[in-house]
Structures are given as structure tokens and as C-alpha cells.
Amino acid sequence: MAMRLMAAVALGCGVVAAPMIVAGTASASPMTCDGAGCVTYIHRDAAEGAPCEPNTRYNFGLDASGNTLACSSSRKWISSPPLVGIRVAGTQCGGETGMAQAPDGLPLSCTGGFWRPDWRAAVY
């Protein structure tokens, strides 16, 4: 009887824990994607020179023509290299040009063959 009870408790805990593990690893943002259209939390109504609220994450915008902008520390949208999509910091980039956004919102650029945080636009 005791063995059956322990087996039932272990099985029940496993059934409850499995969904929690899966839910805990879910992300609102894909790990990688190509193009500005898949980038999460991007400001799609930005206009160069217009006011914005700078932040260290999710700081990119697109103007009406699809040009990439970044919110600078001077609280204005400024021109930025094209947004190539979502990339993971520290992964190889092989010389890609443009900017990327990490899944957690950090701005990245390809430096020395790897995607690295790049806040140049934010401190402009």
C-alpha cells in the first residue's frame, strides 16, 4: 500500500511539474528571426527627430518607409543602421552589417565576428 501511495505521489508531482517547466521556458520573443518585421516590441510609428523615451532595451523603431531608427539619449528618434532581426548575444555573425535586437531587447551589432551589445545610438 505504501509503495502505491509513493508511486501515485511521484507520478502526480511529475504531471504537475512538467507543465510548469515548459511554461517557465516560454518566451514572448523568438530566439532568432530575419528582418525588422519579426522584431518584438519595435515602435512602428517612429519619425526621425520626433520625441521618444530612451531605454536600454527595446529601443528600435521603424518610420513610415520602413527605415530603422533608434531612440537616443537626447530623447529623439535618430537614423540607425538597418535592423536585420533578432539575434542572440555572443553568437557568431560572420560579418553581417546592421543592427539586431536580442530576445531580451538589447541592441546588438556584429563586432569581431560575434553579436555584441551596442548602445551607440542610445548615447548619441
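Below is a short write-up of the structure.

Thresholds applied
- In this numbering scheme, every chain counts its residues from 1 along its sequence in written order.
- It should be noted that, the model being predicted, local features are given only for residues of pLDDT at least 70 and side-chain atom pairs only at 80 or more, the latter also being counted only at that level, while totals for whole chains, interfaces and linings use all residues.
- The basis for the side-chain values is all heavy atoms of the structure; hydrogens and waters are excluded.
- Whenever Lys or Arg places a side-chain nitrogen within 4 Å of a carboxyl oxygen from Asp or Glu, that contact is recorded as a salt bridge.
- Only runs of H or I of at least four residues qualify as helices and only runs of E of at least two qualify as strands under DSSP, and these elements are numbered from the N terminus.
- Only strands that DSSP links by at least two bridges are regarded as paired with each other.
- In this description, the term disulfide denotes a pair of cysteine sulfurs within 2.5 Å.
- Here's how the labels work: a residue is buried when its accessible area is under 20% of the maximum for its type, exposed when over 50%, partly exposed in between, all with a 1.4 Å probe on protein chains only.
- An axis is simply a line fitted to the C-alpha atoms; with a helix, the fit covers only the stretch in contact. Between two such axes, the angle follows the N-to-C directions and lies from 0 to 180 degrees.

**Here's the deal with the pattern of salt bridges**
For the structure on display, the rule yields 5 salt bridges. Close ionic contact of R57 with D104 constitutes a salt bridge, the shortest N to O distance being 3.0 Å. One end of the pair, R57, is in the loop between β1 (33–34) and β2 (60–62); the other, D104, is in the loop between β6 (99–101) and β7 (107–111), with 47 residues separating them in the sequence. Counted as one network, the salt bridges with shared partners bring together D34, R87 and E96.

**Observations regarding the pairing of strand β5 (residues 83–86)**
Direction of pairing for β1 relative to β5: antiparallel, over a ladder of 2 bridges. Bridge pairing in β5 places D34 opposite G85. Both β5 and β6 contribute to a ladder of 2 bridges, which runs parallel. Directly across from I86, in β6, lies its bridge partner Q101.

**A short note on the state of the cysteines**
Taken as a whole, this structure holds 3 disulfides when the rule is applied. Each sulfur in the disulfide pair C33 and C38 lies 1.8 Å from the other. Disulfide C33-C38: torsion about the S-S bond near 85 degrees, hence right-handed. For C38, a relative accessible area of 25% gives the class partly exposed. In this model, C52 is linked to C71 through a disulfide, with the two sulfur atoms separated by 2.0 Å. Handedness of the C52-C71 disulfide follows from its S-S torsion of about 100 degrees: it is right-handed. Residue C52 is located in the loop between β1 and β2, and its partner C71 is located in strand β3 (residues 68–71); the two are separated by 19 residues in the primary sequence. You'll find C52 and C71 in the same group, each marked buried. When the bonded cysteines of the chain are numbered from the N-terminus onward, they pair as 1-2, 3-4, 5-6.

**Some details on the sheet that holds β7**
One open sheet holds the 5 strands; their spatial order is β1-β5-β6-β7-β8, and the pairing between them is mixed. Two strands close off the open sheet at either side, each with one partner strand: β1 and β8 (114–117). Direction of pairing for β6 relative to β7: antiparallel, over a ladder of 3 bridges. Paired with A100 across the strands is L108, a residue of β7.

**Thoughts on the sheet that holds β3**
Consider a sheet: its strands pair through backbone hydrogen bonds, and that pairing is either parallel or antiparallel. Strand order in this open sheet of 3 strands is β2-β3-β4, and the pairing throughout is antiparallel. Looking at which strands have only one partner, the edges of the open sheet turn out to be β2 and β4 (77–79). Averaged over all adjacent pairs, the angle separating strand axes in this sheet is 40 degrees, with direction ignored. As paired strands, β2 and β3 are joined by 3 bridges and run antiparallel to one another. Looking at β3, one finds that L62 is bridged to T68.

So, to be careful, I would describe these as geometric facts and stop short of saying anything about function.
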